[in-house]
Amino acid sequence: MSDSAKVSLRNAQIRQLLRRPGQVACSTRSVPRRTTMRLLRRTHRLDRPTCLGAMLYLFIIATLIGCDSQSTRPGPDQARGALIVVIGPSETDPQWAGIAGGAQRYAGSVPFMRVQCVAPAADTPRDLLAKVQETLADRPQAVCLYVADCASARPAIDAVLASHALVVTMGTPCGDVRVAGHVGPNLPDGAEALGRNLVRIAGGRLTYVLVHANGVDEQGTRCYQRFSEQARQQDIRLLADATTPRRGESAAVLLRGLLERFPNAGLVVSLDPAPWLLPQAGLERELRAANAGFRFATLSAVPALWARLGTPERPGDAVALVGPLDGEIGYLAVEMAAQLLLGGNQTSRERTVPCELVTADNLADFARRYAAAANGLDVQCYLPPVDAK
C-alpha cells in the first residue's frame, strides 16, 4: 500500500472514532491534548500536518456539540439584579394578598434582586396565559407561578420554560419534572387533623355529611383518604358522602342535595372549600331552608372566612377552618427561586407549608401570625366583631 493510501486510511479511522456515539466530549476542556495524542498514536504514526488537522477536527466537533444545559443558567454575579416575577391566582382570589405579602417579605432580604407580584384578572386559563405572556416581555430570570389546576396551567408553564426562565410552582403540585421546584400547603396533613379532631369541633353534634374530591386528582384523593382514616375512629356518624366530579359549582350542588336528604345532619364537612369561597346567589338561603341548624368545617383558612367562625361567646356557622399561613407560600417560593439563581444547593425541590386547625378559640393568634407572614397585611377587617363589654 502506498504512503498516500496509508495516510488516507488513517484519517478515515480517526473520523470513524470521532463518530462513535458517546465518545465525543461536550466541552473542549474534556478533550485534553494528551488524550488526543494517545488516540492519534493508536492509528500509527502520523505526519505533523495530519496530526494538527485531527486536533482541529476534535476542537470543532466539541465546540459545535455544545455543553451542559445548566451552563445557560445565570451564576451568582449575573443573578444580581435578576427579576423574579410572582404570578398568583386571580386578583380577587382570597389567598392572593397573603401570598403576595409573603413574596414581598422575602424580597426585603435580597435588595440586589427585583421581585414583582402580578395576578391575572380572572381565574381562567386564557387570563393566566395572557398575564404570563405580558410578564415575559420584561425577561424575568425566574417565575413563581400559582397553579390551581395542572391541566389549565400547562400552557402557562410551557410559555415560561420556552423563555428559558426558571419556574417554581405554587399551590397544586403537578409533578412536572421540568420545573425547578414547588411550594404548596400540606392539605393532606390538614385533612388528617380535621378528621382527628372531628368530635371535638362538632360540639356535641353526632352526625355529619361529607363532600370530597376523591378521584378528582391525586391531592383530592389523598385528602379524602387521610381524613377518612381518622374520622372512622371518632364517635360521630357519617350519614352520607358525595364526590364532586369537578371543583367549584358542582360541590355546592352536591352539598345542597345532601342537606335536603338529611335535614337533621349536625355538621357539614367540605374538603372542597369552593361552596364557601365562591357562594352562588341564594345558595346559603337554600342550604338553611334544607337544614337550619348545620355548621360546617372546610379545608381553607383564608381571611374571607374568619368572620364565619364567630367568637367563643357568640359562635358562627363555621366550627373549624383548616389552612396555611399563605404568606409562607410566597416567601418560600421566592426564596427557592433566588437560591437557585444564586447557584445555592437545594436539598429538596419541594417545600410544604403546614396547615393549621383554626377555631373561634385560636383565631386571634392565627390572624396575628397570618398578618406577620404576609409582610404586615392588615387583616383587622376580616375578624368577627367583638361584643362591647
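Note that residues are indexed from 1 along each chain, following the sequence as it is written. In view of the model being predicted, local features appear only for residues whose pLDDT reaches at least 70, and side-chain atom pairs are presented and counted only at 80 or more, with totals across whole chains, interfaces and linings using the full set of residues. As a convention, hydrogens and water are excluded, and side-chain values are obtained from all of the structure's heavy atoms.

Trainee: Can you lay out the overall build of the chain for me, pointing to particular residues and giving the numbers?
Mentor: A helix here means a DSSP run of H or I that spans at least four residues, while a strand means a run of E at least two residues long, and both kinds are numbered starting from the N terminus. A count of helical and extended segments in the chain gives 15 helices and 12 strands. Only protein chains enter the accessibility calculation, which uses a 1.4 Å probe. A residue is then buried if its area is under 20% of the maximum for its type, exposed if over 50%, and partly exposed in between. Among the 389 residues that make up the chain, the fraction classed as buried is 47%. Relative to all contacts within the chain whose residues are 6 or more apart in sequence, the contacts with residues 24 or more apart total 72%. Using a 1.4 Å probe, the Shrake-Rupley method yields the accessible areas, and only the shown protein chains count as cover for residues. Element-wise, carbon and sulfur atoms account for 50% of the exposed surface of the chain, whose accessible area totals about 20,100 Å². Only heavy atoms enter the contact rule, under which two residues are in contact if any of them lie within 4.5 Å.

Trainee: Got a sec to walk through the side chain of Gln-219? Specific residues and values, please.
Mentor: Here Gln-219 shows up in helix H10 (residues 218-231). The exposure class of Gln-219 is buried, given its relative accessible area of 17%.

Trainee: A description of the sheet that holds strand E1 (residues 83-87) should follow, citing residues and the corresponding values.
Mentor: Spatial ordering of the open sheet is given by E2-E1-E3-E4-E5-E11, a layout of 6 strands whose pairing is parallel. Where the open sheet ends on each side, the last strands, each with one partner, are strand E2 (114-118) and strand E11 (350-353). Neighbour-to-neighbour, the strand axes of this sheet turn through a mean angle of 15°, independent of strand direction. By the convention used here, strands pair only if DSSP detects at least 2 bridges between them. Across 3 bridges, strand E4 (residues 166-171) lies against strand E5 (residues 181-185) in parallel orientation. When the sheet's bridge partners are listed, Val-168 is paired in E5 with Gly-181. The angle between two axes is taken between their N-to-C directions and runs from 0 to 180 degrees, where each axis is a line fitted to C-alpha atoms and a helix contributes only its stretch in contact. Packed on one face of the sheet, helix H6 (residues 125-136) meets E1, E2 and strand E3 (142-147) and runs near 170° to E1.

Trainee: Describe the sheet that holds strand E9 (residues 295-298), and please don't skip the residues or the numbers.
Mentor: Here 6 strands make up an open sheet; going across it, the order is E7-E6-E8-E9-E10-E12 and the pairing mixed. The two strands at the open ends of the sheet, each matched to only one other strand, are strand E7 (237-243) and strand E12 (356-358). Here the strands of the sheet are splayed against their neighbours by 15° on average, with no regard to which way each runs. In this sheet, E9 lies alongside strand E8 (residues 267-270) in parallel orientation, the contact comprising 4 bridges. Bridge pairing in E9 links Ser-270 to Thr-298. Of the strands in this sheet, strand E6 (207-212), E7 and E8 touch H10, which is tilted by about 165° from E6.

Trainee: Let's hear about the state of the cysteines: which residues, and what values?
Mentor: The definition used for a disulfide is geometric: two cysteine sulfur atoms within 2.5 Å. Inspection of the entire model under this criterion finds 1 disulfide. There is a disulfide in this structure between Cys-150 and Cys-174, and the S-S distance comes to 2.2 Å. As the torsion about the S-S bond is roughly -100°, the Cys-150-Cys-174 disulfide counts as left-handed. With Cys-150 in helix H7 (residues 150-162) and Cys-174 in the loop between E4 and E5, this residue pair connects regions lying 24 residues apart in the sequence. Since its relative accessible area comes to 21%, Cys-174 is described here as partly exposed.

Trainee: Quick one: what's the story with the confidence of the model for the chain, residue by residue and with numbers?
Mentor: Overall, the prediction assigns the chain a mean pLDDT of 83, with 76% of residues at 70 or greater. Below pLDDT 50 for its whole length, residues 13-46 participates in 43 contacts with residues either more than four positions away or in separate chains. The quantity called pLDDT is the predictor's confidence in a given residue, expressed from 0 to 100. Confidence drops under a pLDDT of 50 for residues 60-73, and excluding neighbours within four residues, the segment shows 14 contacts in the predicted structure.

Trainee: Lay out the pattern of salt bridges with the relevant residues and their values.
Mentor: For this document, the term salt bridge refers to a Lys or Arg side-chain nitrogen within 4 Å of an Asp or Glu carboxyl oxygen. In this structure the tally under the stated criterion is 16 salt bridges. With a closest N to O distance of 2.8 Å, Arg-105 and Glu-328 form a salt bridge. Placement of the pair is Arg-105 in helix H5 (residues 96-107) and Glu-328 in helix H14 (residues 326-341), with a sequence separation of 223 residues. Since its relative accessible area comes to 26%, Arg-105 is described here as partly exposed. Arg-178 is paired through a salt bridge with Asp-158; the nearest N and O atoms lie 2.7 Å apart.

Trainee: Explain the environment of Ala-153 residue by residue, including any values.
Mentor: Locating Ala-153 in the fold gives a position in helix H7. Look at Ala-153 and you get buried, because its relative accessible area is 2%. C-alpha separation for the pair Ala-153 and Leu-128, spaced 25 residues apart in sequence, amounts to 7.6 Å.

Trainee: Report on H6, specifying residues and quantitative values.
Mentor: In a helix, the anticipated span is given by 1.5 Å times the number of residues less one. Compared with an ideal rise of 1.5 Å per residue, which puts 12 residues at 16 Å, H6 spans 16 Å between its outermost C-alpha atoms and is within 8% of the ideal. Of the residues making up H6, those classed as buried are Leu-128, Lys-131, Val-132, Thr-135 and Leu-136. The buried residues of H6 occupy one face: seen down the axis, they fall within an arc of 135°. Facing away from the buried side of H6 by more than 90 degrees, the exposed set consists of Arg-126 and Glu-134. The directions from the helix axis to the C-beta atoms are what the arc is built from.

Trainee: Quick one: what's the story with H14, residue by residue and with numbers?
Mentor: Between the first and last C-alpha of H14 there are 24 Å, a value that for 16 residues agrees with the 22 Å anticipated at 1.5 Å per step. Phi turns positive one or two residues past the end of H14, at Gly-343, with a value near 80°.

Trainee: Can you lay out the pairing of E6 for me, pointing to particular residues and giving the numbers?
Mentor: The element E6 is largely enclosed, with a buried count of 6 among its 6 residues. Judged by which residues are buried, E6 turns out to be covered on both faces: Thr-207, Val-209 and Val-211 on one side and Tyr-208, Leu-210 and His-212 on the other are all buried. The pairing of E6 with E7 spans 6 bridges and is parallel. Note on E7: the bridge partner recorded for Val-211 is Ala-242. Looking down the strands as they point away from the viewer, one classifies a crossover as right-handed if the path from the first strand across the helix to the second runs clockwise. You can see the chain leave E6, run along H10 and come back into E7, and the turn it takes is right-handed. Direction of pairing for E6 relative to E8: parallel, over a ladder of 4 bridges.

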